[in-house]
Amino acid sequence: MKIAFFSTKSYDREFMDRANHTFGHTLTYFDTSLNPDTAILAHGQEGVCIFVNDKAGAETLKALHQISVRLIALRCAGFNNVDLKTARELGMKVVRVPAYSPYAVAEHTLAMILTLNRKTHLAYERVRNGNFSLERLMGFDLHGKTVGVIGTGTIGGIFAKIMLGLGCKVLAHDPYPQEDLKQVGIQYVSLKEMYPQADIISLHCPLTPSSYHLISQEAITQMKDQVMLINTSRGALVNTKAVIEALKSGKIGYFGLDVYEQEERLFFQDLSGHIIQDDVITRLMTFPNVLITAHQAFFTENAMTNIAETTLENITAFEQGQKLKNEVVLQG
Ligand code: NAD
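Conventions used here
- Throughout, a residue's number is its position along its own chain's written sequence, starting from 1.
- Thresholds applied to this predicted model are a pLDDT of at least 70 for local features of residues and 80 or more for the giving and counting of side-chain atom pairs; totals over whole chains, interfaces and linings are not thresholded and use all residues.
- Processing note: side-chain calculations cover all non-hydrogen atoms of the structure and skip hydrogens and water entirely.
- In DSSP terms, a helix is any run of H or I states spanning at least four residues, a strand is any run of E spanning at least two, and both are numbered starting from the N terminus.
- We compute the radius of gyration from the C-alpha atoms alone; for a globule the expected value is 2.2 Å times N to the 0.38, where N is the number of residues.
- Note on contacts: a residue pair qualifies if any of its non-hydrogen atoms lie within 4.5 Å across the two residues.
- The accessible surface values rely on the Shrake-Rupley method and a 1.4 Å probe; as for residues, cover is taken only from the protein chains in view.
- Charged residues are defined here as Lys and Arg on the positive side and Asp and Glu on the negative side; His and the ends of the chain fall outside this count.
- Working definition for charges: the position is that of NZ of Lys, CZ of Arg, CG of Asp or CD of Glu.
- The rule for a salt bridge is simple: a side-chain nitrogen of Lys or Arg has to be within 4 Å of a carboxyl oxygen of Asp or Glu.
- Accessible area is worked out with a 1.4 Å probe on protein chains only. A residue is then buried under 20% of its type maximum, exposed over 50%, and partly exposed in between.
- In these notes, residues near a molecule or strand are those with any non-hydrogen atom within 4 Å of it.
- Counted as a polar contact is a pair of N or O atoms within 3.5 Å, where, for protein atoms, one must be capable of donating a hydrogen and the other of accepting one, and residues adjacent in sequence contribute only when both atoms are in side chains.
- The nonpolar class holds Ala, Val, Leu, Ile, Met, Phe, Trp, Tyr, Cys and Pro. Asp, Glu, Lys and Arg form the charged class, and all remaining residues, Gly among them, are polar.
- Buried Ala, Val, Leu, Ile, Met, Phe, Trp, Tyr and Cys residues form a nonpolar core when they are joined through side-chain atoms within 4.5 Å.
- Pairing between strands requires that DSSP locate at least two bridges from one strand to the other.
- Orientation is described by axes fitted as lines to C-alpha atoms, over the contacting stretch for helices, and by angles from 0 to 180 degrees between their N-to-C directions.

Draft legend 1. Region of interest: the overall build of the chain. The number of helices and strands found in the chain is 12 helices and 12 strands. Relative to the globule expectation of 20 Å for 332 residues, the C-alpha radius of gyration of the chain, 21 Å, shows essentially globular dimensions. Along the three orthogonal principal directions, the C-alpha set of the chain runs to about 60 × 50 × 35 Å. Contacts in the chain between residues far apart in sequence, at least 24 positions, make up 68% of those at least 6 positions apart. For the chain, the computed accessible surface area is about 16300 Å², with 52% contributed by carbon and sulfur atoms. Positive and negative side-chain charges in the chain, numbering 31 and 34 respectively, have mean positions lying 3 Å apart.

Draft legend 2. Spotlight on the pattern of salt bridges. The final tally for this structure, using the stated rule, is 11 salt bridges. Ionic pairing is found between Glu 179 and Lys 182, a salt bridge with its closest N-O pair at 3.7 Å. Placement of both Glu 179 and Lys 182 in helix α7 (residues 179–183) is noted, with a separation of three residues, approximately one turn of the helix. Taking the relative accessible area as the measure of exposure, Lys 182 reaches 40% and is therefore partly exposed. Between Glu 245 and Lys 248 there is a salt bridge, with its nearest N and O atoms 3.5 Å apart. Here Lys 248 and Glu 245 lie together in helix α10 (residues 240–249), a separation of three residues that amounts to about one turn.

Draft legend 3. Quick look at the site of the ligand. Taken together, the neighbourhood of the ligand is formed by 23 residues, with Thr 154, Ile 155, Asp 174, Thr 232 and Asp 258 sitting nearest. Interatomic distance of 3.3 Å between a side-chain N/O atom of Arg 234 and an oxygen atom of the ligand. Of the residues contributing to the shell around the ligand, the split by class is 11 nonpolar, nine polar and three charged.

Draft legend 4. Inspection of the nonpolar core at higher detail. With 48 residues, the main nonpolar core has Phe 6, Ala 42, Val 48, Ile 50, Leu 64, Ile 72 and Val 94 as its most contacted residues. Going through the elements one at a time, β1 (2–5), α1 (10–23), β3 (47–50), α2 (58–66), β4 (71–74), α3 (84–90), β5 (93–95) and α12 (301–319) are the ones with two or more residues in this core. Counting residues per element, this core draws most heavily on α12, which supplies seven residues. Non-local contacts of Ile 50, meaning those with residues more than four positions away in its chain, are made with Phe 6, Leu 34, Ala 56, Ile 72, Ala 73, Leu 74, Arg 75, Asn 81 and Val 82. Core analysis: the next-biggest nonpolar cluster, separate from the first, contains 35 residues, Ile 150, Leu 191, Ile 201 and Leu 203 among them.

Draft legend 5. A look at the side chain of Asp 54. Counting through the fold element by element, Asp 54 comes out in the loop between β3 and α2. At 5.0 Å, Arg 75 is the nearest oppositely charged side chain to Asp 54, a buried residue that forms no salt bridge. A distance of 2.7 Å separates the side chain of Asp 54 from the backbone nitrogen of Phe 51, its partner in a polar contact. Excluding residues within four positions of it along the chain, Asp 54 makes contact with Phe 6, Ser 7, Ser 33, Leu 34 and Asn 81.

Draft legend 6. Representation of the sheet that holds β1 in the model. Spatially, the five strands line up as an open sheet ordered β2-β1-β3-β4-β5, and their pairing is parallel. Each edge of the sheet is formed by a strand with only one pairing partner; in this case those strands are β2 (26–29) and β5. Neighbour-to-neighbour, the strand axes of the sheet open up by a mean angle of 20°, direction not taken into account. Pairing of β1 with β2, which is carried by four bridges, proceeds in the parallel orientation. Its bridge partner lying in β2, Ile 3 is registered against Leu 27. Lying on the sheet, α1 is in contact with β1 and β2; it crosses β2 at an angle near 175°. Contacts from α12 reach β1, β2, β3, β4 and β5, with the element oriented near 160° to β4.

Below, the structure written as structure tokens:
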């Protein structure tokens, strides 16, 4: 089947081409992202494959439909960038890669916590400059601390168990609690109960209209002083301006983010040498207690292999009219 891949980087092409030896699809790669203006590039293709920052809103989907594209294959888990209602109205199918390496994201979350806490990024630079002082490098024991996990699906569940293994008390919040997590000692609570108790809060829920800016000024006010907030889920779960105010006042003690609300204009690109126009991220970049990674939590060899194989399997299933086990269906 002919598929146009948008927002591709060298590593996407490498892993897709390798996996495609088994599948034999015709893959056309574009560097550019998908949006209403670039949709026309998919002319002559039966499907498009997109990533987290491509925009498959109503206008884009209608433009794709006009040129006979019928499949939107997401090579990621999140699907907040696709207008599912319009896709359904147009009879277009949407598939995704629901879990490619949840361990990759959960482990990156831990890496962010350890870096912010033990300041290994600062120590690395210091020692290389011949500075062996310990001033301002003090951290705290994770053992015995309380960790709040918002969203205990595939990634949040693994992360919760990792933190339990480190000797933390884990409080979780999810509309669908997992029995196996309860059995290993994870306690489900409301956000109201979690916020005043958690030393570390990590976000693992999807971005939906109801979770937009879940971390608001009001939510932050209820949190412990010096709380560590980690977001490896989706940028818009957090009201970044409210977080900046809380960092300035010292209410938030540490902020780790792998995702950012305005990331599509920044992430996955080398902008060194350019003037960054986004004043919010540049302000974040000035805090010593903020760690930013550019949506790399998923980025392991295992995950890239799984993404490529599952994406191509999804495309084959669509081509052969099979049941789409990874279809994204609009609820309600
Ligand atoms: P999942 O669907 O397995 O789990 C999500 C969980 O969140 C579910 O249990 C759901 O019930 C719960 N949930 C939904 N709304 C909630 C709310 N308002 N409050 C609390 N819980 C809520 O998803 P997953 O595979 O674990 O992925 C979680 C998120 O991680 C994805 O939505 C995606 O945005 C993000 N992600 C990021 C990266 C990265 O590289 N940074 C990679 C993959 C996924």
